[in-house]
Amino acid sequence: MDNEADVFYRELPKVELHAHLNGSVSFQTIEKLIRRKPQLNIEHSMTAIGKGQRRTLDECFQVFKVIHQLVDSEEDILMVAKDVIKEFAADGVKYLELRSTPREEIPTGLTKRRYIETVIQAIQQCKEEGVDIDVRFLVAIDRRNGSQVAMETVQLAEEFLLSSDGLVTGIDLSGDPTVGHGRDLLSALQRAKNSGLKLSLHLSEVPSQHDETDLLLNIPPDRIGHGTFLHPEMGGSQGLVDKVVQKRIPLELCLTSNVKGQTVQCYSEHHFKYWYQMGHPVVICTDDKGVFATDLSQEYKMAATTFGLGREAVWKLSQQAIDYIFAPDSVKEQLKQKWSDLQPQEFK
Ligand SMILES: CC(C)=CCNc1ncnc2c1ncn2[C@@H]1O[C@H](COP(=O)(O)O)[C@@H](O)[C@H]1O
Ligand SMILES: [Zn+2]
């Protein structure tokens with residue numbers, strides 16, 4: 001049975017800005033995929049990390065490989081994207097930016113272009129079905145694939161920026177942070193920025209990325225994913241923090257992901273506290289709600305209980321996220337109106 005607190009967090013209108021499509025696949029959808037592909041012998045325990053469990057970063061990235069085997073055709077992507085969008089909507093998310101790495105799968109005839117088109121189709125179908133959520137798409141660059149693929153991905157994203165009726169808004173840089181170096185991706189990212197694509201970059205997700213982060217902050221990105229090791233106490237530096245603060249670059253923070261992936265010791269030591277206390281823009285996000293067995297309501301509740309935020313502060317946190325979305329100002333205005341209509345009298 002849901003208690004009153006859970007209802008508050010679910011009904012709280014929310015903005016989700018950091019969600020990887022294939023990391024967001026729910027238990028129910030994984031079951032459907034396993035039934036479609038019994039020959040793969042994949043069990044559910046291979047695709048999600050349950051309560052209290054932790055994995056090394058490397059083990060977490062193995063999980064994505066398993067999910068990619070299950071999601072390898074247009075049909076799969078359409079189903080997965082529609083299910084994920086509807087699940088976010090059911091969790092009270094009113095605006096969602098989904099990100100995903102376009103993949104070619106020769107056995108099923110999937111191309112990178114069709115991959116993007118299929119995600120767009122899923123967004124459009126949800127809209128036609130009246131699902132109460134505004135969804136946009138960020139095309140992801142997997143850092144492991146190097147400079148040429150990064151450049152091709154940006155070119156593809158540029159085409160869709162012009163042809164997708166505002167649905168493709170930007171680029172995400174993600175993938176195993178221990179592989180590759182941002183200097184090889186700099187020109188692709190700079191080109192994306194110059195073409196009007198917004199940039200959300202995973203930065204300082206692990207220690208030892210100081211110089212890469214310093215370099216990529218010069219672009220500058222429009223938002224930062226994680227930023228776990230930016231500040232000096234975490235092996236970053238005051239110089240990095242100053243750059244982020246001066247440019248006022250919002251941070252997308254994913255508490256459960258960081259704890260289960262073991263880049264953060266425990267919830268109370270999460271860097272949410274550092275940036276929130278500074279008054280720097282932060283947005284609570286899920287990262288991979290399927291893999292980490294969470295949802296955005298739980299993430300808000302966890303942040304609130306761990307750091308002692310009252311309901312008014314939680315409301316403000318979800319409302320402020322509207323300012324950091326990649327969609328145009330007209331969409332921000334619509335969302336602000338929606339929040340204002342839903343706002344409890346006592347917070348007005
Ligand atoms: C391992 C761990 C703690 C994960 C959370 N942190 C992450 N850091 C970097 N890239 C990620 C993370 N989670 C998901 N991704 C990216 O998203 C992909 C899965 O979604 P998609 O296929 O792009 O639709 C992964 O293959 C990876 O490239
Ligand atoms: Zn991420």
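Residues numbered from 1 in each chain as written. Chains lettered and ligands numbered in written order. Predicted model: local features only at pLDDT ≥ 70, side-chain atom pairs only at ≥ 80, totals over all residues. Heavy atoms only, no water.

The chain has the name Adenosine deaminase domain-containing protein in an unreviewed UniProt entry, where Mugilogobius chulae is given as its organism. Under the heading Subunit (unreviewed entry), UniProt records this for the chain: "Monomer." Regarding the chain, the UniProt comment filed under Cofactor (unreviewed entry) reads as follows: "Zn(2+)". (UniProt positions renumbered as here; feature names shortened; annotations may be inferred.)

**Section: empty space enclosed by the protein**
Summed over the entire model, instances satisfying the criterion amount to 1 cavity of 30 Å³ or more. Counted as a void, the largest cavity has a volume near 60 Å³. The wall of the largest cavity is formed by Ile123, Cys126, Lys127, Val131, Ile133, Asp134, Val135, Arg136 and Leu167. Every element with two or more residues in the lining of the largest cavity is listed here: α5 (112-128) and β3 (134-142). Here the residues of the lining of the largest cavity sort into 6 nonpolar, no polar and 3 charged. (1 Å grid on protein atoms, 1.4 Å probe; cavity = no way out; pocket = protein on both sides within 12 Å on 5 of 7 lines; lining within 4 Å. Points joined across faces, edges and corners; volume = space filled by probe spheres on them. Helix = DSSP H or I, 4+ residues; strand = E, 2+ residues; numbered from the N terminus. Nonpolar A, V, L, I, M, F, W, Y, C, P; charged D, E, K, R; others polar.)

**Remarks on the environment of Lys332**
Tracing the backbone through its elements, the reader meets Lys332 in helix α14 (residues 329-342). Along the primary structure Lys332 and Met302 are separated by 30 residues, whereas in three dimensions their C-alpha atoms are 26 Å apart.

**What to know about the site of ligand 1**
With respect to spatial proximity, 23 residues lie near ligand 1, and among them Cys60, His68, Ser100, Thr101 and Glu205 are the closest. Between ligand 1 and the protein, one listed contact pairs a nitrogen atom with a side-chain N or O atom of Glu205 at 2.8 Å. Asp288 is positioned with one of its side-chain polar atoms (N or O) 2.8 Å from a nitrogen atom of ligand 1. For ligand 1, whose unbound accessible area comes to 600 Å², protein coverage reaches 99%. Here ligand 1 occupies the largest pocket. Elements with a minimum of two residues in the shell around ligand 1: α3 (57-70) and β2 (93-100). Here the shell around ligand 1 is composed, by residue class, of 6 nonpolar, 11 polar and 6 charged. (Near = heavy atom within 4 Å. Polar contact = N/O pair within 3.5 Å; in protein donor to acceptor, adjacent residues only side chain to side chain. Areas by Shrake-Rupley, 256 points an atom, 1.4 Å probe, with all protein chains shown as cover. Sits in = over half its atoms within 2 Å of the grid points.)

**Concerning the pairing of strand β4 (residues 168-174)**
Taking burial as the measure, the 7 residues of β4 include 7 buried ones, the bulk of the element. Where β3 lies against β4, 6 bridges are found, and the strand directions are parallel. What sits directly across from Phe137, in β4, is Val168. Two elements, β4 and strand β5 (residues 198-203), share 4 bridges in a ladder whose sense is parallel. Along β5, the bridge assignment pairs Gly170 with Lys198. Between the parallel elements β4 and β5, the chain passes through helix α7 (residues 186-194) in a crossover that is right-handed. (Buried < 20%, exposed > 50% of the residue type's maximum accessible area, 1.4 Å probe, protein only. Pairing = 2+ DSSP bridges. Right-handed = clockwise from strand over helix to strand, strands pointing away.)

**Observations concerning the packing of helix α2 (residues 27-36) against helix α4 (residues 74-90)**
Angle between the axes and distance between the axes are the two parameters that describe a pair of packed helices. Contact geometry of α2 with α4 gives a least axis separation of 10 Å together with a crossing angle of 165 degrees. Taken together, the axes of α2 and α4 are roughly antiparallel relative to one another. α2 and α4 meet at a crossing whose hand is right-handed. Each of Thr29, Lys32, Leu33 and Arg36 in α2 lies in contact with α4, whose residues at this interface are Glu75, Asp76, Met79, Val80, Asp83 and Glu87. (Axes fitted to C-alpha atoms, helices over the stretch in contact; angles between N-to-C directions. Parallel < 35°, antiparallel > 145°, perpendicular 65-115°, else oblique. Left-handed = near helix turned anticlockwise from the far one by under 90°. Contact = heavy atoms within 4.5 Å.)

**Quick notes on the UniProt feature "domain: Adenosine deaminase" (unreviewed entry) in the chain**
The positions that UniProt labels "domain: Adenosine deaminase" (unreviewed entry) are, in the present scheme, residues 13-338. Each end of residues 13-338 is marked by a C-alpha atom, and these two atoms are 8 Å apart; helix forms 45% of the span and strand 14%.

**Things to note about the packing of aromatic side chains**
Applying the stated criterion to the full structure yields 5 aromatic pairs. Ring geometry for Phe272 against Tyr276: centres 4.9 Å apart, planes inclined by 20 degrees, an arrangement best described as stacked. Here Phe272 pairs with Tyr276, and both are found in helix α11 (residues 272-278), just 4 residues apart, close to one helical turn. Accessibility expressed as a relative area gives 30% for Tyr276, which makes it partly exposed. Summarising the aromatic geometry, the rings of Tyr274 and Trp275 are spaced 5.3 Å apart at their centres and angled 70 degrees between planes, so their arrangement reads as edge-to-face. Every member of this aromatic cluster is reached through a ring pair, and the members are Phe272, Tyr276 and Phe307. Sitting over the face of the ring of Phe326, Arg223 holds its NZ or CZ atom 3.7 Å from the ring centroid. Arg311 extends its terminal NZ or CZ atom over the ring of Phe8, reaching a point 4.4 Å from the ring centre. (Phe/Tyr/Trp six-rings, centres within 6.5 Å; stacked < 30°, edge-to-face > 60°. Lys NZ or Arg CZ within 6 Å of the ring centre and 35° of its normal.)

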